[in-house]
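Fold and contact review
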Amino acid sequence: MRRFILAALAACCVSSPLFAQNQPAATQLPSPEEVSNRDTLTIGVGGAVLPDYEGSDDYRIIPAAAIRGKYHGIAFSSRGSYLYVDVIPSSGKFDFDVGPIVGVRLNNRRNIDDPIVKLLPKLKHAIEVGGFAGVSFHQLTNPYDTLALRVDVLHDVGNAHKSTTVSPNVEFSTPLSRRTYASASVGAEFVSNKFADYYFTITPADRLATGNQLPVFNAGGGMKNWNAGLLLNQSITGDLLHGFSIFGTGQYSRLVGDFKRSPIVSQRGSASKWLGALGLAYTW
């Protein structure tokens, strides 16, 4: 993947921070309603570690950035190279989450180290547009936690894989103290035959381009991968509602089916993928 992209996990660094109950009595905490209705903006910058391409076992360090906020009840956030906007304001212990997504898939097999995969034709950026829908449950274990269930649907409107992807996700987030926040997530991605062909199939021409180093392989669609991630965010100037904080996040992903059997994965890479990010964020 190209340098200077928004890293997939850096977006998590600016998840809306809330407060736990076990705080000193001398410090009055804002109510959950006050936190939910507050306009806010968080910007995070740092560095990320990720594979050269999906399925690679070579890794690189890149700069990473993310933004998240809320204005008059409308929430927005970046997740990797995608921007999400939740157009339904929070209303209490139960919310519907619906909104548009726009972004770019940067898995173009450029800037990679593998000498064989480097011989394959370069791919185009996929310009993806779609939306998400889900539900959020609040105050399950404390007044400020959130359990969110969401499905993302994206379609390439450019000239890359020209298909639709579907990604269900579950995320639980909660403050551990007034200065510490944690979030855990699990998810998966389902793709079409067109997607599988574009990124994982090896054609006869591809085989010749690699000097017969890779065998012909026809990848089919279906479940591409599952993933699990964890985020920790620690305030260093005040509390999580304002000022500077540091974040660390990691995600493990595993390719399945034809995607792990593709020669660029099974022979030249790995079905297991690790992502990580570390950086500094500021909340207004």
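Whatever comes next refers back to the structure up there.
Residues numbered from 1 in each chain as written. Predicted model: local features only at pLDDT ≥ 70, side-chain atom pairs only at ≥ 80, totals over all residues. Heavy atoms only, no water.

**Observations regarding the overall build of the protein**
Summing up its helical and strand segments, the protein has five helices and 12 strands in all. Every one of the 284 residues in the protein was classed for burial, and the buried ones make up 47%. Pairs at least 24 apart in sequence give 65% of the contacts found in the protein among residues at least 6 apart. On the protein, roughly 12900 Å² of surface is accessible, and the fraction owed to carbon and sulfur atoms is 62%. (Helix = DSSP H or I, 4+ residues; strand = E, 2+ residues; numbered from the N terminus. Buried < 20%, exposed > 50% of the residue type's maximum accessible area, 1.4 Å probe, protein only. Contact = heavy atoms within 4.5 Å. Areas by Shrake-Rupley, 256 points an atom, 1.4 Å probe, with all protein chains shown as cover.)

**A short note on the pattern of salt bridges**
Under the criterion given, the structure shown has 11 salt bridges. The partner of aspartate 239 in a salt bridge is arginine 178, and the shortest N-O contact between them spans 3.3 Å. Of this pair, aspartate 239 sits in the loop between β10 (222-235) and β11 (243-255) while arginine 178 sits in the loop between β8 (164-175) and β9 (180-191), placing them 61 residues apart in sequence. Connected through salt bridges with shared partners, the residues Glu54, Arg105, Glu128, Glu189, Lys224 and Lys273 form a single ionic network. (Salt bridge = Lys/Arg side-chain N within 4 Å of Asp/Glu carboxyl O.)

**Quick word on unusual backbone geometry**
Generally, phi is negative for residues other than glycine and the peptide bonds are trans, each holding for most cases. Phi is positive for histidine 72, which is not a glycine, with a value near 55°. For histidine 72, the location among the structural elements is in the loop between β2 (59-71) and β3 (74-79). The backbone of lysine 162 shows a phi angle near 55°, a positive value even though the residue is not glycine. The topology assignment puts lysine 162 in the loop between β7 (146-156) and β8.

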